[in-house]
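# Coordinates in review
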Amino acid sequence: MSTITILGAGVMGSAMCLPARDRGNTVRLVGTHLDREIIDSVKASGRHPKLNVKLPGGVCAFHHEEFAAALGSDTDLIVLGVSSAGIPWAIDRLCESLKAAVPVVMITKGMHPEEGKLTALPDRVAAEVKRRAGLALPVAAIGGPCIAGELAVRRQTGTVITSHDMGLAERLCAMLETDYYHPRVSPDVIGVEICAAFKNFFAIGVGWAAGHLEKMAPTENRAFNHNAAAIIFDQAIRELMLLVKAHGGGEQSVWGMPGAGDLYVTCQAGRNSRLGNNLGRGLTYSETKRGPMKGDTIEGAELGLAVAAALRAMMAAGTLDARALPLTNALLDALTRDAALDIPWPAFHRHA
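In this report, the structure presented in the accompanying data block is examined.

How each quantity is defined
- Residues numbered from 1 in each chain as written.
- Predicted model: local features only at pLDDT ≥ 70, side-chain atom pairs only at ≥ 80, totals over all residues.
- Heavy atoms only, no water.
- Helix = DSSP H or I, 4+ residues; strand = E, 2+ residues; numbered from the N terminus.
- Rg over C-alpha atoms; globule rule 2.2 N^0.38 Å.
- Buried < 20%, exposed > 50% of the residue type's maximum accessible area, 1.4 Å probe, protein only.
- Contact = heavy atoms within 4.5 Å.
- Areas by Shrake-Rupley, 256 points an atom, 1.4 Å probe, with all protein chains shown as cover.
- Lys, Arg positive; Asp, Glu negative; His and termini not counted.
- Charge placed at Lys NZ, Arg CZ, Asp CG, Glu CD.
- Core = buried A, V, L, I, M, F, W, Y, C linked by side-chain atoms within 4.5 Å.
- Axes fitted to C-alpha atoms, helices over the stretch in contact; angles between N-to-C directions.
- Parallel < 35°, antiparallel > 145°, perpendicular 65-115°, else oblique.
- Left-handed = near helix turned anticlockwise from the far one by under 90°.
- Nonpolar A, V, L, I, M, F, W, Y, C, P; charged D, E, K, R; others polar.
- Arc of directions from axis to C-beta.
- Polar contact = N/O pair within 3.5 Å; in protein donor to acceptor, adjacent residues only side chain to side chain.
- Pairing = 2+ DSSP bridges.

### Comments concerning the overall build of the protein
Across its full length, the protein holds 16 helices and twelve strands. Taken over the C-alpha trace, the protein has a radius of gyration of 20 Å; the compact-globule value for 352 residues is 20 Å, and the two agree within 12%. With respect to the three principal axes, the spread of C-alpha positions in the protein is 60 × 45 × 35 Å. In the protein, buried positions account for 55% of the 352 residues. Taking as baseline every contact in the protein between residues at least 6 positions apart, the subset at least 24 positions apart corresponds to 70%. When the accessible area of the protein is evaluated, it comes to approximately 15,300 Å², of which 52% is carbon and sulfur surface. Averaged over its 35 positive side-chain charges, the protein has a centre that lies 2 Å from the centre of its 35 negative ones.

### Notes on the side chain of Ser-97
With respect to the helices, strands and loops of the structure, Ser-97 is situated in helix H5 (residues 87-97). Residues within four places of Ser-97 in sequence aside, it is in contact with Phe-67, Ala-68 and Leu-71.

### Side note on the nonpolar core
By size, the foremost hydrophobic cluster in this structure holds 52 residues, and its most contacted members are Met-111, Phe-198, Phe-202, Leu-275 and Leu-311. Of all the secondary-structure elements, those providing two or more residues to this core are strand E9 (117-120), helix H9 (189-213), helix H10 (226-246), helix H12 (257-268), helix H13 (271-280), helix H15 (299-317) and helix H16 (326-336). It is H9 that provides the largest number of residues to this core, a total of 13 residues. With residues up to four places along the chain from it excluded, the contact list for Leu-275 reads Ile-204, Tyr-285, Thr-288, Met-293, Ile-298, Ala-301 and Leu-335.

### Re the packing of H9 against H10
Packing of H9 against H10 brings their axes to within 9 Å, and their N-to-C directions diverge by 155°. The pairing of H9 with H10 is recorded here as roughly antiparallel in orientation. Crossing hand, H9 versus H10: right-handed. Residues Gly-191, Ile-194, Cys-195, Phe-198, Phe-202, Gly-205, Val-206, Trp-208 and Ala-209 of H9 pack against Ala-228, Ala-229, Ile-232, Phe-233, Ala-236, Glu-239, Leu-240, Leu-243 and Val-244 of H10. Here the residues of the contact of H9 with H10 are counted per class, giving 15 nonpolar, two polar and one charged.

### Description of helix H8 (residues 166-176)
Three or more residues of H8 are buried, namely Leu-168, Ala-169, Leu-172, Cys-173, Met-175 and Leu-176. For H8, the buried positions fall inside an angular range of 165° around the axis, keeping them on one side. Structurally, the start of H8 carries an N-cap: the backbone nitrogen of Gly-167 is 3.0 Å from a side-chain oxygen of Asp-165.

### Looking at unusual backbone geometry
Backbone geometry places Asn-52, a non-glycine residue, at a positive phi of 60°. Judged by its relative accessible area of 52%, Asn-52 is exposed. Backbone geometry places Arg-154, a non-glycine residue, at a positive phi of 65°. One can find Arg-154 in the loop between helix H7 (148-151) and strand E11 (157-163).

### Side note on the environment of Val-265
Residue placement: Val-265 occurs in helix H12. The spatial distance from the C-alpha of Val-265 to the C-alpha of Pro-145 is 6.0 Å, given a sequence separation of 120 residues.

### Here's the deal with the sheet that holds strand E10 (residues 139-143)
Pairing in this open sheet of eight strands is mixed, and the strands run E5-E2-E1-E6-E7-E10-E11-E12 from one edge to the other. Each edge of the open sheet carries a strand with a single partner, namely strand E5 (59-62) and strand E12 (181-186). Going from strand to strand, the sheet's axes swing by 25° on average, the running direction of each strand aside. Inspection of the sheet shows E11 paired to E12 by six bridges, in the parallel sense. The partner of Thr-159 across the bridge, within E12, is Pro-183. Against the sheet, H9 engages E10, E11 and E12, with an angle of about 135° to E11.

Quick look at the structure:
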């Protein structure tokens, strides 16, 4: 069996303790500087206060300043479970603490904007650690639909492990697969990662429909607004396909688990959908952040703010067709210009 060190004790990083430990691996859970209360609770009772479950026996908890001690000399795999905003902090910790190249698998969802393109976070982490510490880390990432609270109670879950090194991806599957956690492999790193990141962004748009229902006049039959959500969902998949293709990714990632599967799950609940609900009610992004979602980290919004300039530059250069991305542009305007989110129905595609 292997030794797995998880950096990031939020809900998703901590939920990964379940398949990792159930496979018989030694598991060390290391919090970030924001996770002190979580780690204190796990140390004291084994209970994760945000997941509201007791983690498996044998999971050892560490505070962030104990990361080097947690790594020791026997860690076989690092699971990187920080938020996208925490990636620079995590890179610092890796460069400070690693003495040798240890494989890293990332569950962080986000993209790194560069001139004329977006870069997958696993490639960004590998490049920075190589540049700063001289270590060539084998890197992989996990995408696909995975609600942390469900994984934490061993609900059936399917994910995709992607890497430029398919041998690494296969080894990670063997290290983590259980009778309820079913990873499969993909070589399409950029496709899987764009889907993993942008599903949060597009879930804001799908969430708009439920919020807008509250502004609509009641009907005699108390009809919902699911039809509108479905149209937006369909447009989101179409635009996700364009973004993936523009970066050299594959169609299968979009219509499979990383894209359509993950977007479906993300639209069921969560902060991205709640932001969409509030925008549908007529609030702007800034009003939502000052009011009902004050203090919340909204990954889809953070992604939009981070990549807006790069996407607009790609559209201006013709790398992306702006006319084929009406939902993307409406969401970017809502996030970066604090505009009302008006769904551009006439601009949506008309091809079955």
